[in-house]
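Per-entry structural report
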Amino acid sequence: MFKMPKSTVCTILRNKEAIKAADVAKGVTTLTSRRSHAIEEMEKLLLVWINEKQLAGDSISKTTVCEKAKQLYSDLRERAPGTSAESEEFKASRGWLAKFRKRTGIHSVVMHREPAGARVGEAAKFVKTFQQFVDREGFVAQQVFNCDEMGLFWKRMPRRTYITEEEKAVPGHKPMKDKLTLLLCGNASGDCKIKPLLVYHSENPRAFKKNSVIKSRLSVMWRANTKAWVTRRFFTEWLREEFAPSVKAYLAQKNLPLKALLVMDSTPAHPPVLAEELMGEASLIEVLFLPSSITSLIQPMGQQVIPNFKKQYTKAMFQRCLEGTKETELTLRDFWKDRYNILQCISVIDKAWRELSPRTMNSAWEKLWPGCVSARAEGFEPASVMKEIVCLGTTLGLEVSEEDVEELLVDRRTELTLEELQHLHKQQQEVVVAEEISLGEEERAKRNIPHAEIKALCSAWARTQAIVEKWHPDTAVVKRSITLLNDNVMSYFRATRKSRQHQARSGRSSEKRQSEPKSSTSHAKRQKRERMPEDLTTPHENKSGQ
């Protein structure tokens, strides 16, 4: 069945416990003494890190991957020093990276950044194409929307405040590292803002249970997963349940045609086939993806909308703290620790979102669609917001300056630590095991797909892949999407097909041997072997344990 000599199979069976106990990285099919435990562990965590970067929409280079690999290896060696065999320095060479990429299938994920000049030129070309598209389709500013995700450390204070210093000194959970993800969306005219999608790491936080919160009545669409990230399912639910109904009602109120254009970036949460999945009420939506290489240059939500939202959030948060300490006579420290919870945060998010003016929302389209920006909308939120934040902070007894606030608002994606990567890897393994255990007999039966269908699927996918690679204009999106589908979907069907082919060949060989008459020569050899004393068995037979 496996095309192996009997002696090899017997050796594998003798060492089955050691083989089964080996915890190897993805793609490793050969166990050797040269691959230390630290390297195996490092590669598993490195793959988790790369996947997290990909989901966050970050572009990473070969150099970045190698540096991260060396850092992880060094951290692992410090935590658990190995034997003398593991004392050799890990260099993260080109050869190692090439083999790692081949084993894990991350060819299209690892890429070099394009030069800034090339990106600016590409952006200018796309802006011109976009203008021609909206003119040809007859879209006006009220009908064109943009959405984007943002991370929010909802309980973070400026770095130099005494609350921040106290939290750093206390071991255990750090509330200021508590993060949620928001999806914000509005139209180009600035007068229609959609209910945000909020993704948190807990489905039912303590504040919800204590206050008997009905999630459907919140000012945000509440969803939860362990990583607090927008997934494809959450995004599609938001489109159908919030975006489409709100846009339809808005367009009807404005007496505009019931059609809308949604402009967004091409992250994994925004599937390329999204337009085909939108049916019913959501069929009025037309989707346009921004090229991944220039999204940061022209994405409307990134052009001061999200930064100004964070300013408004910080201002509203300080106001809530001021009101809370006056109403309850609590100290700021006690209010911050015990009263400012995720439910309070949602209220502050709602206020900050409402405070963003139509002028700011409209001005954000200056780089992508300058023709839709009103002369009255030039510029963004007044600089007085920063001064108000500093004034509120001073009133609260905090040492805070405009520079401290600016540092607080900068969207720095904190790098995952070794412990966080290990925790994520453990969670992913637990999810796979839980899904397999929960799989019922009926679902297992569904997996028994006919061989003819697998063959047809593989052929159809090969043709589809060739056509998409040939004609789709965005090469980066194509490569990423194809790699994801090959790794996560098609690999299962290919492995099933290969296994069945081995079984079929093995079955045919067995039937042929049974149907053939036993030759007199074979019979004579067998009789001779039966007469041989035990100490004259062949070396091959001794090796195989027979």
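The preceding data block contains the structure.
Described in the following lines is the structure provided in the data block. Computed from a prediction, not measured in an experiment: that's the story for all the values here.

Section: the pattern of salt bridges
All told, the structure shown has eleven salt bridges when counted by the stated rule. The network of salt bridges with shared partners includes Arg223, Arg233, Glu237 and Glu241.

Brief notes about the environment of Lys259
With respect to the helices, strands and loops of the structure, Lys259 is situated in the loop between helix 9 (232-253) and strand 5 (260-265). With relative accessibility at 28%, the residue Lys259 sits in the partly exposed group. The sequence separation of Lys259 and Ala282 amounts to 23 residues, and the corresponding C-alpha distance is 9.7 Å. The residues contacting Lys259, other than those within four sequence positions of it, are Glu137, Phe139, Gln143, Leu251 and Leu284.

Considerations on the nonpolar core
By size, the foremost hydrophobic cluster in this structure holds 70 residues, and its most contacted members are Phe130, Leu180, Tyr313, Ile349 and Trp365. For this core, the element with the most residues is helix 12 (residues 305-328), which contributes nine residues. Excluding its chain neighbours within four sequence positions, the residues that come into contact with Phe130 are Val144, Leu261, Val263, Leu288, Trp365, Leu368 and Trp369. Ranked by size, the runner-up nonpolar core spans 29 residues in total, among them Cys147, Trp238, Tyr250 and Leu278.

So, the sheet that holds strand 2 (residues 179-187)
Taken together, six strands build an open sheet; the order of strands is 4-3-2-1-5-6 and the sheet is mixed. At either end of the open sheet lies a strand with only one pairing partner, and these are strand 4 (221-224) and strand 6 (285-290). Each neighbouring strand pair of the sheet contributes to a mean axis angle of 25°, computed without reference to strand direction. Looking at chain direction, strand 1 (residues 144-153) and strand 5 are connected through three bridges and run parallel. Its bridge partner lying in strand 5, Val144 is registered against Leu261.

Let's talk about the pairing of strand 3 (residues 197-200)
Every second residue of strand 3 is oriented toward a common face, with Leu197 and Val199 on one face and Leu198 and Tyr200 on the other, all of them buried. As paired elements, strand 2 and strand 3 share three bridges and run antiparallel to each other. Bridge pairing in strand 3 links Leu183 to Leu197. Note: strand 3 against strand 4, four bridges, orientation parallel. Bridge pairing in strand 4 links Leu197 to Met221.

Each value, and the rule that gives it
- Residues numbered from 1 in each chain as written.
- Predicted model: local features only at pLDDT ≥ 70, side-chain atom pairs only at ≥ 80, totals over all residues.
- Heavy atoms only, no water.
- Salt bridge = Lys/Arg side-chain N within 4 Å of Asp/Glu carboxyl O.
- Helix = DSSP H or I, 4+ residues; strand = E, 2+ residues; numbered from the N terminus.
- Buried < 20%, exposed > 50% of the residue type's maximum accessible area, 1.4 Å probe, protein only.
- Contact = heavy atoms within 4.5 Å.
- Core = buried A, V, L, I, M, F, W, Y, C linked by side-chain atoms within 4.5 Å.
- Pairing = 2+ DSSP bridges.
- Axes fitted to C-alpha atoms, helices over the stretch in contact; angles between N-to-C directions.

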